[in-house]
Amino acid sequence: MRPERLARSGSYSLIGSSFAALAALVLAVLIGNGLGAHGTGVFFQAIGFFTIVSQILRLGTNSSIVRSISEQHAFTRIGESWRTVVIAVVPVAVLSVLVAIGIYLSAAPLAEWLSGAGETRELEELLRDIAPYVVPSAVLAVLLTATRMMRGIVAFTLLQNILLPLSRVLLVALALVWAADALGAVRAWMAVLPLWLIVTVAVLARPVILDWRARRAATEPAGVAARRFWAFSGTRAVGGALETTLEWSDVLIVAALASPSAAGVYAIATRTVRAGQVVDQAMRLAVSPAISRLLARGDLLGARTLHTKVTRAMILTSWPFYLTLATMGPAVLAMFGPEFVAGSIVLTILAGAMMIATSAGMLQSVLLQGGKSSWQMYNKAFALALSVGLNLLLVPVLGILGAALTWTACVIIDTAIASWQVHRRMRMLLEPRKLLLAMTIPLAVFGVGGLTVRIVFGATFPALIGGLLVCGAIYLVVLWFLRGRLGIVALWREVPVMRRYAEQSPDPAESSPDGAGRADESTSPLSRRR
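Q: Can you walk me through the overall build of the protein in this structure?
A: Looking only at helices and strands, one finds 24 helices and 0 strands in the protein. A burial count over the protein gives 57% of its 530 residues as buried. Residue pairs in contact within the protein that sit at least 24 positions apart in sequence constitute 82% of those at least 6 positions apart. Taken as a whole, the protein presents about 21800 Å² of accessible surface, with 68% of it coming from carbon and sulfur.

Here it is in structure tokens:
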């Protein structure tokens, strides 16, 4: 994939993911200020349970759709993509209906299991309310992945990362004005799902119909395609369920063992930190098909070079965010309400953990697109067991601090295992030394700079804004002058105001020992062919 095309696709994904993250933060601000710590805890308790169930019901189809359609495109096989969508959607829809009925009928015992004494009534009503939305949520997730592969990154980004989050923010805001309670907020959050399911079906209809008309050109028998699809999806279904459960189980455990108020503070801290994952999500969306094609052709060198370039970009774009959270945590959390400032130490710990995870790059995508979904499944199973065990041990003693320490331990161990598997077992040798410059710059500007701002001016909102403006300006200047060594010339070309200057400047990366920039393109057989 050419640097310009990769940069453009990554830019679209990053814009969309950034908007979705901003919308999620705005939603959290609305929930925090509108419901307080207790109501926020109940809200995220219900949303966490719903998200886990919805992810399980996707049955691992997201990665299988990307892998299957990428393979079809790589070998110019037509008339098979529509069939991939049908193979994915039908089992998901049928199982979702059965699970929705089960949740509705068993809402009382589920609420008793998920909450502490005296807190079950409200959660029971919420569980009955969310049950009907399980079906559109699971089916929508599958169709959005198909939209990404058959309609392109722009259509996918517009639907999933802009329109869906925006509609949720607007509807939840109206619900909080009308009746400031967790029940109304959860209902508003769910209500948009049927609408966007209908819109996604309409968007996807044309490419599916066109591919269906070419079905006679399909070279792979339908039965073989279905078996291959679900053989890959089987382990990914378990891995995806484990990954989402790992993401939300700590909130549920804190709510059950501590209180909904503690869960509210912890949920706000974790959701704030996870906003920094927009870069990871954007890069996965933009680069996973390219990684899949390179690995399918056995081009480990091309995959490694692309992964190093992407990891460098992830560090440069996400570390400033995490460092700001770590150094100015009280000012950030105060935006959600005064009750949430108590989570500032937790926020600092979580931000450090996410910096470690980001520095490893797209290891999960490499494992998945390299056909190693079973490895990832075992990794997530171990991490989830560790998370549940440590949370059960530490939360009763340390509260949300124990949950934060558990999160950090799980992130470090999961990242270390995945790095070893990609580096040693897949033989896609990682290149951490080529990331040192990219790490040093944000540490110096936002780490040292942010800490200086906090010491001199305090952790106040004006200091936060002023520090971001000053550090951000310095950071952009440094990235501009070091664009060649960092291999981000193609990214600067995507900025309309700077495109002309970037194109006129010689690209030092051509001869850079770091191996960044356009030199990376030549390592891929696809690029050489072009």
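There is more to say after this.
Q: When you look at the confidence of the model for the protein in this model, what are you seeing that I'm missing?
A: Mean pLDDT over the protein stands at 83; residues scoring 70 or higher make up 87%. Of the regions scoring below 50 in pLDDT, residues 506–530 engages in 44 contacts with residues more than four places distant in sequence or in other chains.

Q: Can you help me understand the pattern of salt bridges in this one?
A: For side chains of opposite charge, pairing can occur when their charged atoms come near one another. Going through the model one piece at a time under the given rule, you end up with 6 salt bridges. Here Arg187 ties to Glu125 by a salt bridge, and the two come within 3.6 Å at their closest N and O atoms. Placement of Arg187 in helix H8 (residues 182–191) and of Glu125 in helix H5 (residues 120–130) is noted, with a sequence separation of 62 residues between them. The class for Glu125 is partly exposed, based on a relative accessible area of 40%. Of the charged contacts, one joins Glu247 and Arg271 as a salt bridge, the two residues approaching to 3.4 Å between their closest N and O atoms. With Glu247 in helix H10 (residues 222–257) and Arg271 in helix H11 (residues 260–274), this pair connects stretches of sequence that are 24 residues apart. Glu247 sits in the partly exposed class, given a relative accessible area of 23%. Overall, the relative accessible area of 14% leaves Arg271 in the buried class.

Q: How do you make sense of H8 when you look at a structure like this?
A: Given 3.6 residues per helical turn, the α-helix brings residues three or four places apart onto the same face. Most of H8 sits out of view: 8 of its 10 residues are buried. Within H8, the full set of buried residues consists of Ala182, Leu183, Gly184, Ala185, Val186, Ala188, Trp189 and Met190.

Q: Help me understand the packing of aromatic side chains, please; the structure alone is not making it clear to me.
A: How two aromatic rings sit relative to each other is set out by the distance from centre to centre and by the angle between their planes. Throughout the structure, instances matching the rule amount to 6 aromatic pairs. Arranged with centres 5.9 Å apart and planes meeting at 90°, the rings of Phe50 and Trp189 form a pair that is edge-to-face. Remark: Trp189 occurs in helix H8 and Phe50 occurs in helix H1 (residues 3–57); sequence separation between them is 139 residues. Residue classification places Trp189 among the buried residues on the basis of a relative accessible area of 12%. For the pair Phe321 and Tyr322, a centre-to-centre distance of 5.8 Å together with 65° between the ring planes defines the contact as edge-to-face.

Q: Looking at this structure, I do not really get helix H15 (residues 344–359). What am I missing?
A: A rise of 1.5 Å per residue sets the reference length of H15, with its 16 residues, at 22 Å; its end C-alpha atoms lie 23 Å apart and thus fit the reference within 8%. Those residues of H15 that fall on the buried side of the exposure criterion are Ser344, Val346, Leu347, Leu350, Ala351, Ala353, Met354, Met355 and Thr358. For H15, the elements touching its buried residues are H11, helix H13 (300–327), helix H14 (329–333), helix H18 (400–425) and helix H19 (436–457).

Q: Honestly, a nonpolar patch on the surface in this entry has me stumped. Any pointers?
A: Taken together, the side chains of Met335, Phe461, Ile465, Leu468, Leu469, Val470 and Ile474 present a nonpolar region at the surface, about 620 Å² in accessible area. Within the secondary structure, Val470 sits in helix H20 (residues 461–481).

Q: I keep staring at unusual backbone geometry and nothing clicks. Help me out?
A: Peptide bonds are mostly trans, and most non-glycine residues show a negative phi. Phi is positive for Leu59, which is not a glycine, with a value near 60°. Summarising the element assignment, Leu59 is placed in the loop between H1 and helix H2 (61–74).

Q: Just to check I follow, could you spell out the packing of H13 against H19 for this structure?
A: A packed helix pair is summarised by two numbers, namely the angle formed by the two axes and the spacing between the axes. With their axes 9 Å apart at the nearest point, H13 and H19 run at an angle of 15° to one another. It follows that H13 is roughly parallel to H19 by the angle criterion. For the crossing formed where H13 meets H19, the hand is right-handed. Counting all contacts with H13, which are made through Arg312, Ile315, Leu316, Trp319, Pro320, Leu323, Thr324, Ala326 and Thr327, the residues of H19 involved are Ala438, Met439, Pro442, Leu443, Phe446, Gly447, Gly450, Leu451 and Arg454.

Cut-offs and rules
- Residues numbered from 1 in each chain as written.
- Predicted model: local features only at pLDDT ≥ 70, side-chain atom pairs only at ≥ 80, totals over all residues.
- Heavy atoms only, no water.
- Helix = DSSP H or I, 4+ residues; strand = E, 2+ residues; numbered from the N terminus.
- Buried < 20%, exposed > 50% of the residue type's maximum accessible area, 1.4 Å probe, protein only.
- Contact = heavy atoms within 4.5 Å.
- Areas by Shrake-Rupley, 256 points an atom, 1.4 Å probe, with all protein chains shown as cover.
- pLDDT = per-residue confidence, 0-100.
- Salt bridge = Lys/Arg side-chain N within 4 Å of Asp/Glu carboxyl O.
- Phe/Tyr/Trp six-rings, centres within 6.5 Å; stacked < 30°, edge-to-face > 60°.
- Expected span 1.5 Å × (residues − 1).
- Patch = residues over 30% accessible without salt bridge, like charges linked within 9 Å, V, L, I, M, F, W, Y side chains within 5 Å.
- Axes fitted to C-alpha atoms, helices over the stretch in contact; angles between N-to-C directions.
- Parallel < 35°, antiparallel > 145°, perpendicular 65-115°, else oblique.
- Left-handed = near helix turned anticlockwise from the far one by under 90°.

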